[in-house]
Amino acid sequence: MRCGKMAAPPPPAAGAPGAWGGVRRRCQRLLYWVPVLFISSILCWSYYAYVTQLCLLTMTNIGEKVVCLVAYHVFFMLFVWSYWKTIFTLPMNPSKEFHLSYSDKESLEREPRGESQQEVLRRAAKDLPIYTRTMSGAIRYCDRCHLVKPDRCHHCSVCDKCILKMDHHCPWVNNCVGFSNYKFFLLFLAYSLLYCLFIAATDLQYFIKFWTNGLPDTQAKFHIMFLFFAAAMFSVSLSSLFGYHCWLVSKNKSTLEVFRAPIFRHRTDKNGFSLGFSKNLRQVFGDEKKYWLLPVFSSLGDGCSFPTCLVNQDPEQASTPGGLNSTSKNENHLFPAKPLRDSQSHLLTDAPSWSETAAKAEKGKVGMSNPALTMENET
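Remember, it's a predicted structure, so these values are computed and weren't measured experimentally. (Residues numbered from 1 in each chain as written. Predicted model: local features only at pLDDT ≥ 70, side-chain atom pairs only at ≥ 80, totals over all residues. Heavy atoms only, no water.)

Focus: the overall build of the protein
Argument step 1. For the protein, the helix and strand inventory stands at 11 helices and 7 strands.
Argument step 2. Residues counted as buried form 49% of the 379 residues belonging to the protein.
Argument step 3. Counting only contacts in the protein whose residues sit at least 6 apart along the sequence, the fraction spanning at least 24 positions is 66%.
Argument step 4. Roughly 20,000 Å² of accessible area belongs to the protein as shown, and the carbon and sulfur atoms make up 64% of that amount. (Helix = DSSP H or I, 4+ residues; strand = E, 2+ residues; numbered from the N terminus. Buried < 20%, exposed > 50% of the residue type's maximum accessible area, 1.4 Å probe, protein only. Contact = heavy atoms within 4.5 Å. Areas by Shrake-Rupley, 256 points an atom, 1.4 Å probe, with all protein chains shown as cover.)

This is the structure:
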């Protein structure tokens, strides 16, 4: 037999299970866009109904037309911009340092569950800035992505990926809402609510006139009346959703953390990541207020590590690369072991002595590995 490269396996036949599985996945991906197409169609119709039927054909006062058209297009532009950014901003995934090495993967698959696997996970997680655990106290490990989950990271079953600071998977944007686009999602809710309120407020008098037959029956009647009903209905639902997420931001929580509070080394703490209203707000919107109302990314941090309000951190958590443990019992707001980006360190501006205190108190201490951990899958 002649030596050479092995031929590539033939593609699955048309009737093979693999081929049908691929078709099914493609159909599912197409169906996921149906809610987005529905919102987009409603938005396009509302533009026609408001601009053409209400402003151009029904309003008679020139000044009212100009004011309404200018204000409407401002809200429309901000709404579409934030919606677009929420849909097409890719969710951030854990960095490569959280992925198991090839040798660790092999060891994890080869060894039976027990102390051997615990040793593999301890070795992989000892230098990572993680404080949260599973309900049983084990390290949070994803066996689908083969990585140690950063704090506040969860695996999305729809995207089939681990998403940093995952809030939820939203069908209306066909995307995961997480660290990379949570600000855009909030602005999308805010501007869509303002858009609906503005339409309802400026359409109300004409709705009443058509309802009481104060205006002649024209083609505009249907559009103006249905436009008011749609704007009022969406305003009610959006106001409750936007209010809920404003509360989440004020408490520095995600939707998943409301249903399952984060579990730290010693206890469960539903407010473990809350730093106070001002700092919680800045963690999402950033330090520069000129960007707060624009759908441009300005959130603080890298999405992999977050400051906490816990006083008693894990004494066995890994040290920083410089050999200094970042836990300090003299401060209320602490950083994880790995130093964060400069933008995130601004959250501790009211505690200037943090680094000096930590350096003096912990200098010379060598980071220890995490306690015995069992591998447990968690979404």
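Description of the confidence of the model for the protein
Argument step 1. The pLDDT averaged across the protein works out to 81; a share of 75% of its residues lies at or above 70.
Argument step 2. Here residues 1–6 is a poorly scored stretch, pLDDT under 50, and it has 0 contacts once near neighbours within four places are set aside; other chains count.
Argument step 3. For residues 314–346, every residue scores under 50 in pLDDT, and the model assigns this stretch 111 contacts once sequence neighbours within four places are set aside. (pLDDT = per-residue confidence, 0-100.)

Concerning the side chain of Asn 252
Argument step 1. Checked against the element boundaries, Asn 252 lands in the loop between helix 7 (219–251) and helix 8 (255–259).
Argument step 2. Taking the relative accessible area as the measure of exposure, Asn 252 reaches 5% and is therefore buried.
Argument step 3. Within the local environment of Asn 252, its side chain forms a polar contact with the side chain of Gln 283, the two groups lying 3.1 Å apart.
Argument step 4. Once residues lying within four places of it in the same chain are set aside, the contact partners of Asn 252 are Arg 152, Lys 165, Glu 257, Phe 273, Ser 274, Asn 280 and Gln 283. (Polar contact = N/O pair within 3.5 Å; in protein donor to acceptor, adjacent residues only side chain to side chain.)

Quick notes on helix 2 (residues 34–56)
Note: α-helices contain 3.6 residues per turn, so residues at a spacing of three or four share the same orientation.
Argument step 1. An ideal rise of 1.5 Å per residue puts 33 Å on 23 residues; helix 2 measures up with 31 Å between its terminal C-alpha atoms.
Argument step 2. Within the span of helix 2, buried status applies to Pro 35, Val 36, Ile 39, Leu 43, Trp 45, Ser 46, Ala 49, Tyr 50, Val 51, Gln 53, Leu 54 and Cys 55. (Expected span 1.5 Å × (residues − 1).)

A look at the environment of Tyr 102
Argument step 1. Looking at the element boundaries, Tyr 102 is found in helix 4 (residues 102–110).
Argument step 2. C-alpha separation for the pair Tyr 102 and His 146, spaced 44 residues apart in sequence, amounts to 9.8 Å.

Some words on the packing of aromatic side chains
Argument step 1. Under the definition given, this model contains 27 aromatic pairs.
Argument step 2. The interplanar angle of 45° and the centroid separation of 5.4 Å between the aromatic rings of Phe 75 and Phe 198 together place this pair among those described as tilted. Placement of Phe 75 in helix 3 (residues 62–88) and of Phe 198 in helix 6 (residues 182–211) is noted, with a sequence separation of 123 residues between them.
Argument step 3. A residue is classified by how much of its surface remains accessible, and Phe 198, at 16% relative accessible area, is buried.
Argument step 4. Taken together, the ring pairs connect Tyr 47, Tyr 50, Tyr 72, Phe 75, Phe 76, Phe 79, Tyr 83, Phe 185, Phe 188, Tyr 195 and Phe 198 into an aromatic cluster.
Argument step 5. Cation over ring: Arg 152 sits above Phe 273, and NZ or CZ is 4.4 Å from the ring centre.
Argument step 6. One residue, Arg 152, lies across the ring of Phe 306, its end atom 5.1 Å from the ring centre. (Phe/Tyr/Trp six-rings, centres within 6.5 Å; stacked < 30°, edge-to-face > 60°. Lys NZ or Arg CZ within 6 Å of the ring centre and 35° of its normal.)

Considering the nonpolar core
Argument step 1. By size, the foremost hydrophobic cluster in this structure holds 49 residues, and its most contacted members are Tyr 50, Tyr 83 and Tyr 182.
Argument step 2. For this core, the leading source of residues is helix 6, giving 16 residues.
Argument step 3. What Tyr 83 contacts, discounting residues up to four positions off in sequence, is Val 36, Ile 39, Ser 40, Trp 172, Val 173 and Phe 188.
Argument step 4. Listed in part, the 20 residues of the second largest apolar core include Ile 139, Cys 142, Val 148 and Leu 164. (Core = buried A, V, L, I, M, F, W, Y, C linked by side-chain atoms within 4.5 Å.)

Re empty space enclosed by the protein
To locate leftover empty space, one rolls a probe as large as a water molecule over the atoms.
Argument step 1. Under the criterion given, the structure shown has 3 cavities of 30 Å³ or more.
Argument step 2. Roughly 80 Å³ of internal volume is contained in the largest cavity.
Argument step 3. Around the largest cavity sit Lys 165, Asp 167, Gly 178, Tyr 182, Leu 248, Val 249, Asn 252, Lys 253, Ser 254 and Val 284, which together line it.
Argument step 4. Split into classes, the residues belonging to the lining of the largest cavity amount to 4 nonpolar, 3 polar and 3 charged.
Argument step 5. Estimates place the volume of the second largest cavity at around 60 Å³.
Argument step 6. Lys 165, Phe 179, Tyr 182, Lys 183, Gln 283, Val 284, Ser 299, Leu 300 and Phe 306 together form the lining of the second largest cavity. (1 Å grid on protein atoms, 1.4 Å probe; cavity = no way out; pocket = protein on both sides within 12 Å on 5 of 7 lines; lining within 4 Å. Points joined across faces, edges and corners; volume = space filled by probe spheres on them. Nonpolar A, V, L, I, M, F, W, Y, C, P; charged D, E, K, R; others polar.)

Some details on the state of the cysteines
Argument step 1. Considering all chains together, one arrives at 0 disulfides under this definition.
Argument step 2. A disulfide-free cysteine, Cys 170 has its sulfur positioned 9.8 Å from the sulfur of Cys 176, the nearest such atom.
Argument step 3. Using a relative accessible area of 6% as the deciding quantity, one classes Cys 170 as buried. (Disulfide = S-S within 2.5 Å.)

Re the layout of surface pockets
Argument step 1. Looking at the largest pocket, its volume works out to about 440 Å³.
Argument step 2. Surrounding the largest pocket, 24 residues form its lining, Ile 39, Phe 79, Ser 192, Phe 234 and Leu 238 being those nearest its centre.
Argument step 3. Elements represented by at least two residues in the lining of the largest pocket include exactly helix 2, strand 5 (168–170), helix 6 and helix 7.
Argument step 4. Counting residues per element, the lining of the largest pocket draws most heavily on helix 7, at 8 residues.
Argument step 5. Of the residues contributing to the lining of the largest pocket, the split by class is 19 nonpolar, 5 polar and no charged.

A short note on unusual backbone geometry
Argument step 1. Phi is positive for Arg 152, which is not a glycine, with a value near 70°.
Argument step 2. You will see that Asp 160, though not glycine, has its phi angle at about 60°, which is positive.
Argument step 3. Looking at the secondary structure, you find Asp 160 in the loop between strand 3 (154–156) and strand 4 (161–163).
Argument step 4. With a relative accessible area of 37%, Asp 160 lands in the partly exposed category.

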